[in-house]
Amino acid sequence: MIDMKRSEKDIEKWWNDNASGFQRDAKISTKTINWGVHTPYDNKLKLLTNVKGKKIIEVGCGGGQISIFLAKKGANCTGIDLSEKELDYAKNLAKIEKVNVNFLKGSFQDLSRFKKNSFDIAVSSWAFQYSPNLNKLFKEVYKIIKPNGIFIFSMPHPFYEIMDSKTHKIKYSYFKTGRYENIDVWQDGSKHKFVGFHVKVSDIYNALIDAGFYVEKIIEPVSLKDGSVKWEDFPKELSKLIGPSIIFKTRK
Ligand SMILES: C[S@@+](CC[C@H](N)C(=O)[O-])C[C@H]1O[C@@H](n2cnc3c(N)ncnc32)[C@H](O)[C@@H]1O
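These numbers come from a predicted model, not from an experiment. (Residues numbered from 1 in each chain as written. Predicted model: local features only at pLDDT ≥ 70, side-chain atom pairs only at ≥ 80, totals over all residues.)

### Regarding the overall build of the protein
Now for step 1: What the protein contains, in helices and strands, is eight helices and nine strands.
Now for step 2: In terms of overall dimensions, the protein has C-alpha extents of about 50 × 40 × 35 Å along its principal axes.
Now for step 3: Per-residue burial over the protein gives 40% buried out of 252 residues.
Now for step 4: The long-range fraction of contacts in the protein, counting pairs at least 24 apart against all pairs at least 6 apart in sequence, stands at 74%. (Helix = DSSP H or I, 4+ residues; strand = E, 2+ residues; numbered from the N terminus. Buried ≥ 20, exposed ≤ 12 C-beta atoms within 10 Å, placed from the backbone. Contact = placed C-beta atoms within 7 Å.)

Set out below in structure tokens:
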């Protein structure tokens, strides 16, 4: 049985510790949508167009770049994230870019603070690997978006997650799902507990269907030029074999 609150505390701490280093290294653009490492930007994929006047929620918004981009296009955006430090970065960036975004601290596992059927669109990029329960998360999103509303998200591709980035061999069984943790040692020698959750592609798809979503598209794109993060865990050689991201475009 997963202790959700304890996992959230670990994830929140990891992101508070990591926020400034991540934002410094990732340099995520606010000129388009970044769907993840080695993944085409949305000016190529064109998954989210015509957002003017739309009410949009970004869940797991991190540094807020997607919300800021969409706000610049005339959308009314709300961003929610667990990490205070990520939100501080997002609020400052919105000020620099001279847009208004409603950035809020909270977990995407509980969206009950928002009215039912109140958003046109929900969006998320590379945050759901931290969800202890995709079924609950997708049900929460389903409640707050309007009928016919769009829900688009990217997350690490479960096939990529099981690969060793150096040897290109499978590290562990694809069927070994659930919580995992590593102790990361950073360059300054400090130790940080990283918590995440492994899922199968079918877990994601079935959780969407169980929540009531209609899946319009599953996209598994690769672009070695796009997607800001260029860390050693994502070598181009492996990304040529398996794209690091999977994207779902769904509708209520
Ligand atoms: C890899 S970052 C991605 C951030 C942003 N979407 C982007 O593309 O840069 C993952 C983010 O998910 C957030 N997160 C993790 N678990 C969360 C939860 N339960 N509720 C809300 N945010 C969460 C983290 O705090 C972090 O900011």
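### Overview of the environment of Leu-48
Now for step 1: Looking at where Leu-48 falls in the secondary structure, it is placed in the loop between helix H2 (42-45) and strand E1 (55-59).
Now for step 2: Residue Leu-48 is classed as buried on the basis of its 22 C-beta neighbours within 10 Å.
Now for step 3: Sequence-wise, Leu-48 and Lys-249 are 201 residues apart; in three dimensions their C-alpha atoms are separated by 9.5 Å.
Now for step 4: Not counting chain neighbours up to four residues away, the residues in contact with Leu-48 comprise Ile-33, Asp-42, Val-123 and Ile-152.

### Observations regarding the packing of helix H5 (residues 134-144) against helix H7 (residues 201-211)
Now for step 1: At a minimum axis distance of 9 Å, the contact between H5 and H7 shows a crossing angle of 40°. With respect to H7, the element H5 is oriented oblique. You can see that H5 and H7 cross each other, and the crossing is right-handed. Across the interface between the two elements, Leu-134, Asn-135, Phe-138, Lys-139 and Tyr-142 of H5 pack against Asp-203, Ile-204, Ala-207, Leu-208, Asp-210 and Ala-211 of H7.
Now for step 2: The residue makeup of the contact of H5 with H7, split by class, is seven nonpolar, one polar and three charged. (Axes fitted to C-alpha atoms, helices over the stretch in contact; angles between N-to-C directions. Parallel < 35°, antiparallel > 145°, perpendicular 65-115°, else oblique. Left-handed = near helix turned anticlockwise from the far one by under 90°. Nonpolar A, V, L, I, M, F, W, Y, C, P; charged D, E, K, R; others polar.)

### Observations concerning unusual backbone geometry
Now for step 1: Here the phi dihedral of Asn-50 falls at roughly 50°; this positive angle occurs in a residue that is not glycine.
Now for step 2: Of note, Asn-50 is situated in the loop between H2 and E1.
Now for step 3: Judged by the 9 C-beta atoms lying within 10 Å of it, Asn-50 is exposed.
Now for step 4: The residue His-168 is not glycine, and still its phi comes out positive at about 65°.
Now for step 5: In this structure, His-168 sits in the loop between helix H6 (158-161) and strand E6 (178-185).
Now for step 6: Residue classification places His-168 among the exposed positions, given that 12 C-beta atoms sit within 10 Å.

### Concerning the sheet that holds strand E2 (residues 76-81)
Now for step 1: Overall, mixed pairing links the seven strands, which are arranged E3-E2-E1-E4-E5-E9-E8 in an open sheet. Each end of this open sheet is capped by a strand with a single partner; those strands are strand E3 (102-105) and strand E8 (214-219). The mean inter-strand angle of the sheet, taken between neighbouring strand axes irrespective of direction, is 15°.
Now for step 2: Here E1 pairs with strand E4 (residues 119-125) via three bridges, running parallel. Residue Ile-56 lies in a different strand from E4, and its bridge partner there is Ile-121.
Now for step 3: Contacting E1, E2 and E4, helix H3 (residues 65-72) crosses the sheet at an angle of about 175° to E2.
Now for step 4: Of the strands in this sheet, E8 and strand E9 (245-251) touch H7, which is tilted by about 15° from E9. (Pairing = 2+ DSSP bridges.)

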